[in-house]
Amino acid sequence: MNTITLPISSFPDEKQANKMTIPEFLVYLERYPNQRVELINGQVVAMAGGTSNHSVISMNCLDVKFFLRQNKPCCHVRNSDFGIQTKENQVRYPDFSIVCDIKGSDKIANNPLVVGEVLSEKSTALFDQTEKLAEYKNVHSIQEIFLIAQTHKEIVVHRRGKFFGWETAVYTQGLVEFASIGYTVDIDEIYAEVEFE
């Protein structure tokens, strides 16, 4: 995902050098509802769009909602319209997330259980696999981080260890496990309708 820093000087009580807080960011979103932006280190940053494969994979991951409704009704899967606070002045919009105990009016959460990113072009894929991954690992509630390739079948899942550290599982076929919620799905379902070139 390519990012562009947007000016925030038009925001009343902000100066270009100042950092925007989370409450101020939420007000900003209300004023500019058609912008696709994140809050990075207190600065509003534009988010780029994705490919057809990116969109299809993201949508397929939302099918976990049927399992959640039956087995964990207090938990919900959300798409990239729902923000995840990862630091004091930082809000990311993962391609999907699983969050428990949220209200319908909530726009962001700071306690996700699972986050998932569909990897984009090489330039941003490296960022997702390094800096953004480290950022997600520092959110104490996150138990699993899914990094999903869109050019071939490969899902890398980083899971928080039972006592400390992180474990990594790589799936290229068969069942993919969402261990934190007790759910499994065939990798072919996640990649359904995806066209590899």
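Just so it is clear, the structure is predicted and the values come from calculations on it, not from any experiment.

Lay out the overall build of the protein chain with the relevant residues and their values.
When its secondary structure is counted, the protein chain shows five helices and 14 strands. For the protein chain, with 197 residues in total, the buried portion stands at 47%. A separation threshold of at least 6 residues defines the contact pool for the protein chain, and within that pool the share at least 24 residues apart is 50%. In the structure as shown, the protein chain presents an accessible area of about 10,700 Å², 50% of it carried by carbon and sulfur atoms.

Describe in detail the pattern of salt bridges, supporting the description with residues and values.
As enumerated under the stated definition, the model contains seven salt bridges in all. A salt bridge links Glu117 to Lys132; the nearest nitrogen and oxygen atoms lie 3.4 Å apart. Of this pair, Glu117 sits in strand E9 (residues 112–118) while Lys132 sits in helix H4 (residues 122–137), placing them 15 residues apart in sequence. Bridged by salt links that share partners, the residues Glu38, Arg92 and Glu135 form one connected network.

Tell me about the state of the cysteines, and name the residues and values.
Scanning the model with the defined rule gives one disulfide in all. Paired through a disulfide, Cys75 and Cys100 show a sulfur-sulfur distance of 1.9 Å. Here the disulfide of Cys75 and Cys100 is right-handed, its torsion about the S-S bond being about 95°. Here Cys100 lies in strand E7 (residues 96–100) and Cys75 lies in strand E4 (residues 75–79), a separation of 25 residues in the sequence. The class for Cys75 is buried, based on a relative accessible area of 6%. In this structure Cys74 is not part of a disulfide, and its nearest cysteine sulfur, from Cys75, lies 3.9 Å away.

Can you lay out the side chain of Ser97 for me, pointing to particular residues and giving the numbers?
Tracing the backbone through its elements, the reader meets Ser97 in strand E7. If sequence neighbours within four positions are ignored, Ser97 has contacts with His76, Val77, Arg78, Phe82, Ile84, Val114 and Val115.

Any details on the nonpolar core? Residues and values, ideally.
Residues Phe96, Ile98, Phe146, Ile155, Ile181 and Tyr191 are the most contacted members of the largest nonpolar core, which totals 31 residues. Those residues in contact with Ile98 that sit more than four places away from it in its chain are Val64, Leu68, Cys75, His76, Val77, Pro112, Leu113, Val114, Phe178 and Ile181. In terms of nonpolar packing, the next biggest core, distinct from the first, is built from 12 residues, Phe25, Leu29, Leu39 and Tyr93 among them.

Pulling in residues and values, what's your account of the environment of Val118?
With respect to the secondary-structure elements, Val118 resides in strand E9. Taking relative accessible area as the criterion, Val118 reaches 1% and is therefore assigned buried. Linking Val118 and Ile148, residues 30 residues apart in sequence, is a C-alpha distance of 4.7 Å. The residues touching Val118, leaving out its near neighbours within four places in the chain, are His54, Ile57, Ser58, Asp95, Asp128, Ile148 and Gln150.

Run through the sheet that holds strand E12 (residues 166–171), naming residues and quoting values.
If you trace the six strands from one edge of the open sheet to the other, you get E4-E7-E9-E10-E11-E12, paired in mixed fashion. This sheet does not close on itself; its edge strands, each paired only once, are E4 and E12. When the angles between neighbouring strand axes are averaged without regard to direction, this sheet yields 15°. Bridging between strand E11 (residues 155–160) and E12 involves six bridges; their strand directions are antiparallel. By the bridge assignment for E12, Val156 is matched with Val170. Across the face of the sheet, helix H2 (residues 52–61) comes into contact with E4, E7, E9 and strand E10 (144–148) while running at roughly 155° to E9. The strands touched by helix H3 (residues 64–71) within the sheet are E4 and E7, with E4 carrying the most contacts at an inclination of about 160°.

The rules behind the values
Residues numbered from 1 in each chain as written. Predicted model: local features only at pLDDT ≥ 70, side-chain atom pairs only at ≥ 80, totals over all residues. Heavy atoms only, no water. Helix = DSSP H or I, 4+ residues; strand = E, 2+ residues; numbered from the N terminus. Buried < 20%, exposed > 50% of the residue type's maximum accessible area, 1.4 Å probe, protein only. Contact = heavy atoms within 4.5 Å. Areas by Shrake-Rupley, 256 points an atom, 1.4 Å probe, with all protein chains shown as cover. Salt bridge = Lys/Arg side-chain N within 4 Å of Asp/Glu carboxyl O. Disulfide = S-S within 2.5 Å. Core = buried A, V, L, I, M, F, W, Y, C linked by side-chain atoms within 4.5 Å. Pairing = 2+ DSSP bridges. Axes fitted to C-alpha atoms, helices over the stretch in contact; angles between N-to-C directions.

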